[in-house]
Every structure is written in structure tokens, then in C-alpha cells.
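Working through the structure, step by step
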Amino acid sequence: MPESDAGKAVLHKCLLGKGDARAIAVEATGLVELLRQIHNLSFVATAALGRLVMASMMMAAQEKGERARVTLKIEGDGPLGEIVADAERAGSVRGYVSKPWVELPLSEEGKWDVSAGVGKRGYLTVIKDVGLREPVVSRVPLISGEIAEDIAYYYVKSEQMPTAVMLGVLQRPSLGVISAGGVMVQLMPGADEAFAEMLEELLKRHGSVSRLAESSQSPRDILETIFDGVDKKWLDSLTFEFGCRCSRKLAEALLLSTSEGEEANDVIEVRCHFCNTVYSFSRDEIKKLKGGE
């Protein structure tokens, strides 16, 4: 059985060779299954959100501050609409798909067609909140809609860091998410070219990270399998679990910032996109919030 429990994900990091590359692996089967249940996701929506959430955790794990947070937002021209993942290095993660019910035929390779669901035209926005006065925001065009390739492109375009990304979610009808895993490998400045080519070949040899996650005990096992024979210096490991920062106070603030509810006859509801929690306000409550009698 995987190392992660229901609703959780486990991540391991290491340096490869003489420190020429950094590798991260995440096993998130339980977490992605929980997201599927919370949002009642279709197969293709589960695959898309699962991939983006795993990417957000691997990116958040690279930040130094415990409260550092990485938010990924995909706005493509596909039928799934906006897809958002939000991960804190301290271990909390959440996400949603704006059109979670959309289902599509399998791709020509017999896989969930995430690219068609996301769309090939649009943007990936990366927001890093690392405790500075303002978050760092980067926006790059989508290059495939497969998410892994789009994340890798972001690193090359915005951070000038050669990066390989593998993301996979394996599902079965009536069984839900069977496995979910991700791997990210980044070359350090001055990395040996022959060493980089060897790593690329090893990644190609193990093309299905979801299959590796299915057969592995932990993300460390995934890295051991892919980079068998390569020297490794193990770094820290992290555990993530689903968590949402919404509250009734935040819902009240949202109502105060809009005109919504001023003409309500009975009750108005504010629903959190991330966890589907509904906050209900009566007409009298809304009047009091807005300073009415």
C-alpha cells in the first residue's frame, strides 16, 4: 500500500549525482481521490485537477518559508474551464475545476484526454506568496494542455531552469482513483551535459508515473526505481492533506464587498469553490452586515 493515507499526499526530495540535479516525487492517491469525491469530478476533471494539485505541492515544497504558498491557475479554451490548485509548504492543499462534470472520450492513446479538456490555447498563472509585501506572479501561455509540459515550460520561460515533469492519475470505473503520482527533475546551474542526458533517458524509460505510484510503497521508492544506480542525497520529506481556509467571516466579507443580497427575499448562500462548504445568510443578517436597520 502507498505511504499516504486517505486524503493525504507524501513527498520526498533528493539531490542526484554530485548535486547536479534536484528530484522530487509525490504520491497523492488518497488526496486526489478525496478531491474527486468532494467535487464529484468526472474522469477527465479528476485527471486534470490531480495533475495540477501534485504540481502545486512539488513547487510549494521548494520554497523555504513554512507559510510559503504556491497557487496555480489554468485558464484554457477547453470545456473544463478554469482549474486552480493551491498548496502551502506547511502541508495544506486544495483545488477545484470550474466545470467538474465535463467528460470526454479517451485520447488516441487510450488515456483520459486532459489536453482536450484543458485546451491548448490559454494561460498558466503561477502565484508565489513567500512572505514578501506582494506575491510574485508569473503568467505563461499553455503549450499543450497536458499540464506537466506546461509546468516545465513555465520553469524554462520564467525561471530559466531546465525542468522535466511527469504527472499521472490512474482511475478505474466504479473504483475511483487507483494511483496518482508526480516527479519533477531540475538541473542545477553548471550541470554536466552527459549527466543531464542520462537523466533524460532514465525518465523516458519509466514513462508512466501513475503506474510507478501504483506499485511503489512511497515516493522515495519511485525515485529509487527511476534513478537506480544514480547517487542520491536524500533531503526532507513532506506530508500534505486537504485543507481549506474558508470561513463564515470570509463569506461575510465577500457579501460586504458586493451588492449581492441587498434585494434578497429570503436566504442567500455563499459557496466555497475549494471545498463546497455553503454559508447561508438570512435577509436580516445581510441587512445587519450592510449596516441596515
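Here, every reference points to the structure presented above.
All figures in this text were calculated on a predicted structure; none of them were measured in a lab. (Residues numbered from 1 in each chain as written. Predicted model: local features only at pLDDT ≥ 70, side-chain atom pairs only at ≥ 80, totals over all residues. Heavy atoms only, no water.)

Right, let's get into the overall build of the protein chain. The helix and strand inventory of the protein chain stands at nine helices and 12 strands. Against the compact-globule benchmark of 19 Å for 293 residues, the protein chain has a radius of gyration of 20 Å, which places it among compact chains. Residue burial in the protein chain is summarised as follows: out of 293 residues, 50% are buried. Counting only contacts in the protein chain whose residues sit at least 6 apart along the sequence, the fraction spanning at least 24 positions is 64%. As presented, the protein chain carries roughly 14,400 Å² of accessible surface, and 49% of it is formed by carbon and sulfur atoms. Taken as two groups, the 35 positive and 43 negative side-chain charges of the protein chain have centres that lie 3 Å from each other. (Helix = DSSP H or I, 4+ residues; strand = E, 2+ residues; numbered from the N terminus. Rg over C-alpha atoms; globule rule 2.2 N^0.38 Å. Buried < 20%, exposed > 50% of the residue type's maximum accessible area, 1.4 Å probe, protein only. Contact = heavy atoms within 4.5 Å. Areas by Shrake-Rupley, 256 points an atom, 1.4 Å probe, with all protein chains shown as cover. Lys, Arg positive; Asp, Glu negative; His and termini not counted. Charge placed at Lys NZ, Arg CZ, Asp CG, Glu CD.)

Counting residues in hydrophobic clusters, the biggest one holds 59 residues, and the most contacted among them are Met57, Met59, Leu72, Ile83, Leu124, Ile147 and Ile151. If one sorts the elements of this core by residue count, helix 2 (residues 43–60) sits on top with 13 residues. Leaving out residues up to four positions away in the same chain, Leu124 has contacts with Leu72, Lys73, Ile74, Ser138, Arg139, Val140, Leu142, Asp150, Ile151 and Tyr154. (Core = buried A, V, L, I, M, F, W, Y, C linked by side-chain atoms within 4.5 Å.)

One open sheet accounts for 10 strands, arranged 7-6-3-4-5-10-1-2-9-8; its pairing is mixed. In this open sheet, the two strands that pair with only one neighbour each are strand 7 (136–141) and strand 8 (163–172). The average undirected angle you get between the axes of adjacent strands in this sheet is 15 degrees. Looking at chain direction, strand 3 (residues 69–76) and strand 6 (residues 122–129) are connected through eight bridges and run antiparallel. Across the sheet, Val70 pairs through a bridge with Lys128, a residue of strand 6. (Pairing = 2+ DSSP bridges. Axes fitted to C-alpha atoms, helices over the stretch in contact; angles between N-to-C directions.)

Glancing now at the layout of surface pockets. Space inside the largest pocket adds up to approximately 1,100 Å³. For the largest pocket, the lining is made up of 40 residues, of which Lys111, Met166, Leu167, Gly207 and Ser208 are closest to its centre. The element best represented in the lining of the largest pocket is strand 8, accounting for 10 residues. Considered class by class, the residues forming the lining of the largest pocket number 19 nonpolar, 11 polar and 10 charged. Put simply, the second largest pocket is a space of about 200 Å³. Every residue along the wall of the second largest pocket is listed here: Arg94, Arg245, Cys246, Ser247, Leu250, Ala251, Leu254, Val270, Arg271, Cys272, His273 and Tyr279. Elements that contribute at least two residues to the lining of the second largest pocket include exactly helix 8 (248–256) and strand 11 (267–271). The element best represented in the lining of the second largest pocket is helix 8, accounting for three residues. (1 Å grid on protein atoms, 1.4 Å probe; cavity = no way out; pocket = protein on both sides within 12 Å on 5 of 7 lines; lining within 4 Å. Points joined across faces, edges and corners; volume = space filled by probe spheres on them. Nonpolar A, V, L, I, M, F, W, Y, C, P; charged D, E, K, R; others polar.)

Here we take up a nonpolar patch on the surface. Nonpolar side chains collect at one region of the surface, where Val130, Leu132 and Val136 lie side by side and expose about 250 Å² of accessible area between them. Looking at the element boundaries, Leu132 is found in the loop between strand 6 and strand 7. We classify Leu132 as exposed; its relative accessible area is 55%. (Patch = residues over 30% accessible without salt bridge, like charges linked within 9 Å, V, L, I, M, F, W, Y side chains within 5 Å. Salt bridge = Lys/Arg side-chain N within 4 Å of Asp/Glu carboxyl O.)

Here the focus is the packing of aromatic side chains. Aromatic ring pairs are reported here in terms of the distance separating the ring centres and the angle at which the planes meet. Applying the stated rule across the entire model yields three aromatic pairs. Between Tyr96 and Phe274, the aromatic rings sit 5.0 Å apart at their centres with planes inclined by 80 degrees, giving edge-to-face as the arrangement. Of this pair, Tyr96 sits in strand 5 (residues 92–97) while Phe274 sits in the loop between strand 11 and strand 12 (278–282), placing them 178 residues apart in sequence. Neither residue differs from the other here; Tyr96 and Phe274 are each classed as buried. With 5.1 Å between their ring centres and 65 degrees between their planes, Tyr154 and Tyr155 make a pair best called edge-to-face. Sitting over the ring of Phe274, Arg94 keeps its end group 3.8 Å from the ring centre. Of note, Arg248 hangs over the ring of Phe281, and the distance from its end group to the ring centre comes to 4.2 Å. (Phe/Tyr/Trp six-rings, centres within 6.5 Å; stacked < 30°, edge-to-face > 60°. Lys NZ or Arg CZ within 6 Å of the ring centre and 35° of its normal.)

Per the counting criterion, the structure on display carries 18 salt bridges. A salt bridge links Asp236 to Lys13; the nearest nitrogen and oxygen atoms lie 3.1 Å apart. Residue Asp236 is located in strand 10 (residues 232–242), and its partner Lys13 is located in strand 1 (residues 8–16); the two are separated by 223 residues in the primary sequence. The buried category is assigned to Lys13, whose relative accessible area is 9%. Linking Arg69 and Asp86 is a salt bridge whose minimum nitrogen-to-oxygen distance equals 3.3 Å. Here Asp86 lies in strand 4 (residues 83–88) and Arg69 lies in strand 3, a separation of 17 residues in the sequence.

What follows concerns helix 5 (residues 193–205). Over its 13 residues, helix 5 extends 19 Å from the first C-alpha to the last, a length consistent with the 18 Å expected when each residue adds 1.5 Å. When helix 5 is considered as a whole, its buried residues turn out to be Phe195, Ala196, Leu199, Leu202 and Leu203. Along helix 5, the residues classed as buried sweep out an arc of 120 degrees about the axis, all on the same side. Away from its buried face, by an angle of more than 90 degrees, helix 5 presents the exposed residues Glu193, Lys204 and Arg205. Buried positions along helix 5 lie against strand 1, strand 2 (21–27), strand 8, strand 9 (176–187) and helix 7 (219–226). One side-chain oxygen of the residue at the start of helix 5 lies 3.2 Å from the amide nitrogen of Ala194, identifying that residue as Asp192. (Expected span 1.5 Å × (residues − 1). Arc of directions from axis to C-beta. Polar contact = N/O pair within 3.5 Å; in protein donor to acceptor, adjacent residues only side chain to side chain.)

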